[in-house]
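Examination of the molecular architecture
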Amino acid sequence: MKIKVPASSANLGPGFDSIGLAVSLYLTVTVKGAAKEWQIDHQLGDLPHDKHNMIVQTALQVAPQLSHQHLEVSSDIPVTHGLGSSSSAIVAGIELANQLANLKLTKAAMVEIASQIEGHSDNVAPAILGGLVVGTNIDQHFDAVEAPLPPYDFVAYIPAYSLATKKARAVLPRQLDYHSAIHASAVANTLVAALFKQDYSLVSELMEADNFHEQYRAQLVPELMPIRQVGHVYGATTYLSGAGPTVMTMITPDKTVAFIEALRKKGLSDRIEVLHPDRNGVVVDDQ
Ligand code: HSE
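As recorded in an unreviewed UniProt entry, the chain goes by the name Homoserine kinase, listed as coming from Limosilactobacillus portuensis. Under the heading Sequence similarities (unreviewed entry), UniProt records this for the chain: "Belongs to the GHMP kinase family. Homoserine kinase subfamily."

What to know about the sheet that holds strand β7 (residues 153-158)
Here four strands make up an open sheet; going across it, the order is β8-β9-β7-β10 and the pairing antiparallel. Whereas interior strands pair on both sides, the edge strands pair on one side only; in this sheet they are β8 (237-240) and β10 (271-275). Neighbour-to-neighbour, the strand axes of the sheet open up by a mean angle of 20 degrees, direction not taken into account. Pairing between β7 and strand β9 (residues 247-251): five bridges, direction antiparallel. Bridging across to β9, Ala 156 finds its partner in Met 248. Set on the sheet, helix α9 (residues 224-233) makes contact with β7, β8 and β9; between it and β8 the angle comes to about 165 degrees.

Topic: the site of the ligand
Taken together, Asn 11, Phe 16, Asp 17, His 120, Asp 122, Asn 123, Thr 165, Arg 169, Arg 217, Gly 242 and Ala 243 make up all the residues around the ligand. The separation between an oxygen atom of the ligand and a polar side-chain atom of Asn 11 is 2.8 Å. The side chain of Arg 169 places a nitrogen or oxygen atom 2.6 Å from an oxygen atom of the ligand. Protein chains shield 95% of the accessible area of the ligand, which is 260 Å² for the free molecule. Listing elements by their share of the shell around the ligand, those giving two or more residues are β2 (15-34) and α5 (165-170). For the shell around the ligand, the class distribution of residues is two nonpolar, five polar and four charged. A domain split of the shell around the ligand shows at least three residues from each of domain 1 (2-148) and domain 2 (153-275).

How each quantity is defined
- Residues numbered from 1 in each chain as written.
- Predicted model: local features only at pLDDT ≥ 70, side-chain atom pairs only at ≥ 80, totals over all residues.
- Heavy atoms only, no water.
- UniProt positions renumbered as here; feature names shortened; annotations may be inferred.
- Pairing = 2+ DSSP bridges.
- Helix = DSSP H or I, 4+ residues; strand = E, 2+ residues; numbered from the N terminus.
- Axes fitted to C-alpha atoms, helices over the stretch in contact; angles between N-to-C directions.
- Contact = heavy atoms within 4.5 Å.
- Near = heavy atom within 4 Å.
- Polar contact = N/O pair within 3.5 Å; in protein donor to acceptor, adjacent residues only side chain to side chain.
- Areas by Shrake-Rupley, 256 points an atom, 1.4 Å probe, with all protein chains shown as cover.
- Nonpolar A, V, L, I, M, F, W, Y, C, P; charged D, E, K, R; others polar.
- Domains from an automatic or database assignment.

Here is the structure:
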């Protein structure tokens, strides 16, 4: 059995902690069979190879009775780079428990469990449901609503350095004054309306008008503003993916190549991936 979970790009500007898009990088878990102890084969750096692995920890949280398994894990989602790698691992763990313990969890139940574990739904909801998801929690209950998919390429500029979410959250103000909060939330509300109306010229304007986090995090991700400026030449829209440092640019597909060439000319030489929205979310292949 194989479990495949997409990466996710959260916030999309003002949708802080509440909007996320599943994108076409993947974490794959292959279940090889029962084992004496949990064994996780992977080539993903210093992540645990035993029961301390996050995928196993999550699976055991959901189904503590699970017997030990031999797993093979591969992933092209960069870790601590703002593309939801830990959310993908959490979702893989929940699906692993779901399959092995035959829990018959619905996707909505999985979103609920994953959001409780992660604390917010902006990465886990799209990794489960696929597509573009807007969500929040009310009284310990998570609601997630799927929005239409933007018909664009998503060009991810992935800096070589990593950035821990904790560090990227530590630079945020502890409070916003009442009027600033109302304005920031009005921008976000209007962005959501534009996304559902598929009015992408309005989406572009609002996505770059965040007042919740980007202005504070820009000091940690110096690539954000230069990439946004280059993007404007190509009619594109740029935001900080999750907590960064990945910078995401939403662009009309026929402009993608020229945009990337322009980034290279500007000396931006780190990894670039041309991503597409993933429609499926987590999928299980029983072969
Ligand atoms: N919405 C989160 C943030 C994503 O920007 O901090 C990372 O968990």
